[in-house]
4 protein chains.
Amino acid sequence: MTVFQKINSFLKDNLRRRKLRSLIFNSDTKAGRKFDIILLTLILSSVILVILESMPEIGSYHPDLFYVIDWMFTILFSIEYLLRVYSAEKRHKYIFSSWGIIDLLSILPTYLSLIVFSYHYLLVIRILRLLRVFRILRLFNFTREGQVLLGALKRSMYKILVFISFLLIFVILIGTLMYVIEHGNPGFNSIPASIYWAIVTVTTVGFGDIVPITYMGKFLASMIMLSGYAIIAVPTGIVTVELARSKRSALQCRNCKYSVESFHNYCSNCGTAVHVVEK
Amino acid sequence: MTVFQKINSFLKDNLRRRKLRSLIFNSDTKAGRKFDIILLTLILSSVILVILESMPEIGSYHPDLFYVIDWMFTILFSIEYLLRVYSAEKRHKYIFSSWGIIDLLSILPTYLSLIVFSYHYLLVIRILRLLRVFRILRLFNFTREGQVLLGALKRSMYKILVFISFLLIFVILIGTLMYVIEHGNPGFNSIPASIYWAIVTVTTVGFGDIVPITYMGKFLASMIMLSGYAIIAVPTGIVTVELARSKRSALQCRNCKYSVESFHNYCSNCGTAVHVVEK
Amino acid sequence: MTVFQKINSFLKDNLRRRKLRSLIFNSDTKAGRKFDIILLTLILSSVILVILESMPEIGSYHPDLFYVIDWMFTILFSIEYLLRVYSAEKRHKYIFSSWGIIDLLSILPTYLSLIVFSYHYLLVIRILRLLRVFRILRLFNFTREGQVLLGALKRSMYKILVFISFLLIFVILIGTLMYVIEHGNPGFNSIPASIYWAIVTVTTVGFGDIVPITYMGKFLASMIMLSGYAIIAVPTGIVTVELARSKRSALQCRNCKYSVESFHNYCSNCGTAVHVVEK
Amino acid sequence: MTVFQKINSFLKDNLRRRKLRSLIFNSDTKAGRKFDIILLTLILSSVILVILESMPEIGSYHPDLFYVIDWMFTILFSIEYLLRVYSAEKRHKYIFSSWGIIDLLSILPTYLSLIVFSYHYLLVIRILRLLRVFRILRLFNFTREGQVLLGALKRSMYKILVFISFLLIFVILIGTLMYVIEHGNPGFNSIPASIYWAIVTVTTVGFGDIVPITYMGKFLASMIMLSGYAIIAVPTGIVTVELARSKRSALQCRNCKYSVESFHNYCSNCGTAVHVVEK
């Protein structure tokens, strides 16, 4: 092979990689879009398979069938993984990126099940394939609305974290108090159990597996539930205010591109009179 | 019969149809309104009958009575259906419209019960008569307020769908995790069962028929419930913002293009008397 | 007794009535305020008595004590009732007003228990004394904040009614569907029972006494719970928007006293430039 | 010891106290910050210890270990308490302040357990150490976001209290009614039990330990749950409105008195550069 041939094959290879990359990693082209839809179908099918397999009536009936189909999916995803590694711009970066790890984790269990014994729980990791749905959705701009929601959630996150910190301290104190009051009630036989009950109650889930028996316990529980009214209002208020804020600024300053509220006369960022333009 | 007589009878028939149509399909006239009220009463009575019949204490006590009354309603609704077909402007269009199908479905079961055996479940279809209430309510403009609500819900629908998609993925992952953690707990013996539990928990319904037993399971459940606080806030926030928006100004000032609330007399920005124009 | 004496006694009587009236019906004077506080204490004590009496451990222990104390309260309230009738401006109007009837209902049961047998349930009517608390609270302007809340609730009431109408139809249809699907499950053995379950579920109360067993039933239940997310958001949104509206207009036009939003330049009612004054 | 030596030692002592005070009571210095982090770790560890000790599996396994570790924590917190008393600017003020009492209460139980018998419940008081977390968080300005939340909660508090008063009366009346209707149902055998059930239901917690059995009871329960929709919307609405208000502009334009959001550079009404003044 001459030097010329080597360069030529390298260039060709490079071109192939670039083509593959645009097919696998993007969805701008028609082919890329098709690839994504096929992949989405495969992922969802394999997830449904994992779910069905877990059902005693179905999973134990045709174990061989599930075994075969699972290997089919695993081989397909393995090919896809290898192609991704091959075509990635920077291979190391892809392999150690969170997407790369998820891609690997969604094929590894089946291979490992050949070596390791506790087959059962290993295979459950395959459910992580579900996370790969997000990558495809991202490409389809499906998540733009989700971005608005996530944006509002992110901005509220710190407030909600502070709120949950207060709540945790409240719940630990209440749980300990109930532990003392409901002494003898098997559901409250430890502080963690009582804290668990307090969380179940304050979030208004109310399973009913643990329930106060004494008058004092019922009275305190009533107080907690009523105060839960004020408590549940807080995160709702936080998120609503944040969502309202993300909704409002739908206009943009002509001059500085700052988002301007619809009832403003002057841009609040640069001070020019605004004859605002819809974004 | 001469040609003249034929035309005459045709015209008369046409006139009768038009009169019937305005009686049955509209509620502008006094007679039409009366017809609707009678129909509403009949529908609600027949629905209550279906409900009462399903109760073992009542249904098994006077089966013949229910049988007779049901036939009475069926015959009345059959006459109404035939009249609707007869008087409809375009018969085919009416018969295959969603209203036409609902009208047919609400009389068919009783006739079919003469032929088919599984009498019991067939008759439950009669509950679809309830849907016919909407047509009458629509005529009475009762649903104008409902329109505002539905409008806000519709505009939030896409966001809520995105939200529920995220939620579904969250719930599948959590359910699978709980399936692994709570291995041996009969309530979590399959992934679908665990997903069902996760939905019951995250929506704060909390039936308590399935409940985590292990420490890890209870800990994870607590985490889910607390994160449920942030989760439940999202759709509430979305709908509140949309409702607030539908409340606020849908009008624009003629002079300065400032958005004006519908109940204003003067523009609150430039002070000109407003004969506002719909945006 | 001369005519002069009669008129004199009448006038004195009238004066006494007016004094009594201001004592009993108003709380502007110091004495009236004292009277109200004593009455409030008596009412709450008697309500607590009724509640305590209902408890098997307490009620059956000292039945005589409760009997005596109850008669004491009844005699005191009877005297108060007679004084109210005596001092009321228009006696007939007071007696047949809703307050008058509540006042009577809160003393009648004890007297009737002397005649009628089913002592037990008659006495429970005494709990209606609790409603009398509202009259006193009203006098103390305690309910001004409540008025804001009630105002917002009232304005949202029609929307919420429309919402609940839709919800009822939804719940009847879902209940009937679950009745068919969960055939054989004793909790769903009639349509009303299934509707009850649907209400318990959709409101996220989730008692857990009735629970779907079949896969189809659990799947449908999951759908209902998830749609419950959108459903619960609606009334919250309605009330929030109404409350926000009642909060916002905190300014008043100098010219026409129309309430003006803080960011307005001109009054939206009369068009005068506003240099608004805080209410 | 000469007078000179005494003054000298007093001054030195004073200096030491001031140094200690800045170390213990403030977190401005690097050392103070370190001290706080160590204290926070100690508090959380000791709280986790109390929680773990309450668990039958763990607490009964190594009772001696827990005993020793607990004494270790107690001695450390005792030294800290003594140092706080020693270095406090006004000793009496510190000792009788709420922080001082909490500090004392978090060490006292262990000492008292040497004297008093009912060891078990005394030690639970140690959970109050958790409250000391707030002091440290306060120093780290962690609670600034919490302040916004608490501010909104405080301003809504009166409205929410009025709301809860109404709710309490509602719940007592409903509870009494259910007590009459569900006569014979052991869960409703007293009015307090029925009120407890009503609170559990209206807050949508729904434990399911007490459940209506009769048709009337189920019907009334359905009504309560549906009205609970409107009820739960109220506090959410209140808090949301207050949070929205605390978010919106607390500033005013120097020129036109228009309210300006804190993050604006120019007044959105008149366009002047804002060096905004707090209202």
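As the structure is a prediction and not an experimental result, all values here were calculated from the model.

### Quick notes on the overall build of chain A
Along chain A, the regular secondary structure elements total 12 helices and 3 strands. Expressed as a percentage of the 279 residues in chain A, the buried residues total 47%. When contacts within chain A are restricted to residue pairs at least 6 apart in sequence, those whose partners lie at least 24 apart make up 56%. For chain A, the accessible surface area stands at approximately 14000 Å², while carbon and sulfur atoms represent 69% of it.

### A word on the interface of chain C and chain D
Interface size is commonly expressed as the accessible surface area that is lost when the partners come together. Taken together, the contact between chain C and chain D spans 48 residues of the former and 48 residues of the latter. Counting each side, the surface lost to burial between chain C and chain D is near 4400 Å², with a carbon and sulfur contribution of 76%. Run the count over chain C and chain D and you get 0 salt bridges. The tally of links between chain C and chain D comes to 1 residue pair in polar contact (both at pLDDT 80 or more). Broken down by element, the residue count for the side of chain C that touches chain D peaks at 11 residues, all from helix α10 (residues 143–181) of chain C.

### Remarks on the environment of tryptophan 197 of chain B
Residue and element names in this part refer to chain B. When you line up the elements, tryptophan 197 lands in helix α11 (residues 191–202). On the basis of relative accessibility, which here comes to 1%, the residue tryptophan 197 falls in the buried class. Here the side chain of tryptophan 197 touches isoleucine 210 through a polar contact of 3.4 Å, landing on its backbone oxygen.

### Considering the pattern of salt bridges
Within the structure shown, the criterion is met by 25 salt bridges over all chains. Sharing partners across several salt bridges, the network here consists of Glu53, Asp70, Arg126 and Arg129 of chain A.

### Some words on helix α2 (residues 30–54) of chain B
Its 25 residues place the ends of α2 of chain B 37 Å apart at the C-alpha level, agreeing with the 36 Å of an ideal helix rising 1.5 Å per residue. Among all positions of α2 of chain B, only Gly32, Asp36, Leu39, Ile43, Ser46, Val47, Leu49, Val50, Ile51 and Ser54 of chain B are buried.

### Re the relation of the copies chain C and chain D
Overlay of chain C on chain D (RMSD 0.1 Å): rotation 90°, translation along the axis 0.0 Å. Put plainly, the chains are arranged around a four-fold axis. An asymmetric contact is evident, with only 19% of the interface residues of chain C recurring at the interface of chain D.

### Some thoughts on unusual backbone geometry
Most peptide bonds take the trans form, and the phi angle of most residues other than glycine is negative. Phi is positive for threonine 204 of chain B, which is not a glycine, with a value near 60°. Summarising the element assignment, threonine 204 of chain B is placed in the loop between α11 and α12 (215–247).

### Quick word on the UniProt feature "transmembrane region" (unreviewed entry) in chain A
The UniProt entry lists residues 35–53, 65–83, 95–112, 158–181, 193–212 and 219–241 of chain A under the feature "transmembrane region" (unreviewed entry), expressed in the numbering used here. Structurally, residues 35–53 of chain A comprises 100% helix and 0% strand, and the distance from its first C-alpha atom to its last is 27 Å.

### Some remarks on helix α11 (residues 191–202) of chain D
All names here are of chain D. The end-to-end C-alpha separation of α11 is 16 Å, in line with the 16 Å expected for 12 residues at 1.5 Å each. With 11 of 12 residues buried, α11 is to be regarded as a mostly interior element. Buried within α11 we find Ile191, Ala193, Ser194, Ile195, Tyr196, Trp197, Ala198, Ile199, Val200, Thr201 and Val202. A positive phi of about 60° marks threonine 204, the residue just after α11.

### A closer look at empty space enclosed by the protein
One pass over the structure, following the stated rule, counts 9 cavities of 30 Å³ or more. Considered as a void within the structure, the largest cavity measures approximately 160 Å³ in volume. Around the largest cavity, the lining residues are Thr204, Ile232 and Thr236 of chain A, Thr204, Ile232 and Thr236 of chain B, Thr204, Ile232 and Thr236 of chain C together with Thr204, Ile232 and Thr236 of chain D. When its residues are assigned to classes, the lining of the largest cavity shows 4 nonpolar, 8 polar and no charged.

### Digging into the packing of α2 of chain B against helix α4 (residues 63–87) of chain B
Residue and element names in this part refer to chain B. Where α2 contacts α4, the two axes come as close as 11 Å, and the packing angle between them is 145°. Note that α2 runs across α4; the crossing there is left-handed. Two secondary-structure elements touch here, α2 through Phe35, Leu39, Leu42, Ile43, Ser45, Ser46, Leu49, Leu52 and Glu53 and α4 through Phe66, Ile69, Asp70, Phe73, Leu76, Phe77, Glu80 and Arg84. Its residues placed into classes, the contact of α2 with α4 shows 11 nonpolar, 2 polar and 4 charged.

### Focus on the packing of aromatic side chains
Residue and element names in this part refer to chain D. Enumeration according to the criterion identifies 24 aromatic pairs over all chains in this entry. Consider the rings of phenylalanine 25 and tyrosine 94, whose centres lie 5.7 Å apart with planes at 85°: the pair is edge-to-face. Note that phenylalanine 25 is positioned in helix α1 (residues 3–25) and tyrosine 94 in helix α5 (residues 91–96), a separation of 69 residues in sequence. In this structure phenylalanine 25 comes out as partly exposed when scored by relative accessible area, which is 24%.

### Description of the side chain of arginine 129 of chain B
Residues and elements named next belong to chain B. Looking at the secondary structure, you find arginine 129 in the loop between α8 (119–124) and α9 (132–139). Of the side chains bearing the opposite charge, aspartate 70 lies closest to the buried arginine 129, which forms no salt bridge; the N-O distance is 4.0 Å. Within polar-contact distance, the side chain of arginine 129 engages the backbone oxygen of serine 106 at 2.8 Å. Those residues in contact with arginine 129 that sit more than four places away from it in its chain are Ile43, Ser46, Val47, Asp70, Phe73, Thr74, Phe77, Ser106 and Thr110.

### What about the environment of arginine 91 of chain C?
Residues and elements named next belong to chain C. Note on placement: arginine 91 falls in helix α5 (residues 91–96). Here arginine 91 falls in the partly exposed class, since its relative accessible area comes to 34%. Placed 125 residues apart in sequence, arginine 91 and methionine 216 show a C-alpha to C-alpha distance of 64 Å. In this structure the side chain of arginine 91 is engaged in a polar contact, spanning 2.7 Å, whose partner is the backbone oxygen of tyrosine 86.

### Thoughts on the confidence of the model for chain A
Residues and elements named next belong to chain A. Summary statistics for chain A give a mean pLDDT of 80 and a share of 81% for residues scoring 70 or more. Ranking the elements of chain A by mean pLDDT puts strand β3 (residues 277–278) last, at 40, and helix α11 (residues 191–202) first, at 94. Contacts for the low-pLDDT stretch residues 275–279, under 50 throughout, to residues beyond four places or in other chains number 14 contacts. For this predicted complex, the interface confidence score (ipTM) comes to 0.80, while the overall pTM stands at 0.82.

### Side note on the nonpolar core
Proteins that are soluble and globular tend to have nonpolar side chains buried together. One finds Trp197 of chain A, Trp197 of chain B, Trp197 of chain C together with Trp197 of chain D to be the most contacted residues of the largest nonpolar core, which totals 247 residues. Beyond its immediate stretch of four places on either side in the chain, tryptophan 197 of chain A contacts Met178, Phe188, Ile210, Val211, Pro212, Ala221 and Ile224 of chain A together with Phe207 of chain D.

### A word on the side chain of serine 106 of chain B
Residue and element names in this part refer to chain B. The residue serine 106 is located in the loop between α6 (98–105) and α7 (108–115) in this model. Given the relative accessible area of 0%, serine 106 is considered buried. If near-sequence neighbours (up to four positions away) are discounted, serine 106 is found in contact with Arg126, Arg129 and Arg132.

### Some remarks on the environment of isoleucine 37 of chain B
All names here are of chain B. If you trace the backbone, isoleucine 37 turns up in helix α2. Its relative accessible area of 48% is what places isoleucine 37 among the partly exposed residues. Separated by 99 residues in sequence, isoleucine 37 and isoleucine 136 place their C-alpha atoms 8.3 Å apart.

### Describing the packing of α2 of chain B against helix α11 (residues 191–202) of chain C
The geometry of α2 of chain B relative to α11 of chain C is characterised by a closest axis approach of 7 Å and an angle of 100° between their N-to-C directions. When the axes of α2 of chain B and α11 of chain C are compared, the pair comes out roughly perpendicular. Two secondary-structure elements touch here, α2 of chain B through Val50, Ile51 and Ser54 of chain B and α11 of chain C through Ile191, Pro192 and Ile195 of chain C. Class assignment for the residues of the contact of α2 of chain B with α11 of chain C results in 5 nonpolar, 1 polar and no charged.

Each value, and the rule that gives it
- Residues numbered from 1 in each chain as written.
- Chains lettered and ligands numbered in written order.
- Predicted model: local features only at pLDDT ≥ 70, side-chain atom pairs only at ≥ 80, totals over all residues.
- Heavy atoms only, no water.
- Helix = DSSP H or I, 4+ residues; strand = E, 2+ residues; numbered from the N terminus.
- Buried < 20%, exposed > 50% of the residue type's maximum accessible area, 1.4 Å probe, protein only.
- Contact = heavy atoms within 4.5 Å.
- Areas by Shrake-Rupley, 256 points an atom, 1.4 Å probe, with all protein chains shown as cover.
- Buried area = accessible area lost by both parts, 1.4 Å probe.
- Salt bridge = Lys/Arg side-chain N within 4 Å of Asp/Glu carboxyl O.
- Polar contact = N/O pair within 3.5 Å; in protein donor to acceptor, adjacent residues only side chain to side chain.
- Expected span 1.5 Å × (residues − 1).
- Least-squares fit on C-alpha atoms with pLDDT ≥ 70 in both.
- UniProt positions renumbered as here; feature names shortened; annotations may be inferred.
- 1 Å grid on protein atoms, 1.4 Å probe; cavity = no way out; pocket = protein on both sides within 12 Å on 5 of 7 lines; lining within 4 Å.
- Points joined across faces, edges and corners; volume = space filled by probe spheres on them.
- Nonpolar A, V, L, I, M, F, W, Y, C, P; charged D, E, K, R; others polar.
- Axes fitted to C-alpha atoms, helices over the stretch in contact; angles between N-to-C directions.
- Left-handed = near helix turned anticlockwise from the far one by under 90°.
- Phe/Tyr/Trp six-rings, centres within 6.5 Å; stacked < 30°, edge-to-face > 60°.
- Lys, Arg positive; Asp, Glu negative; His and termini not counted.
- pLDDT = per-residue confidence, 0-100.
- Core = buried A, V, L, I, M, F, W, Y, C linked by side-chain atoms within 4.5 Å.
- Parallel < 35°, antiparallel > 145°, perpendicular 65-115°, else oblique.

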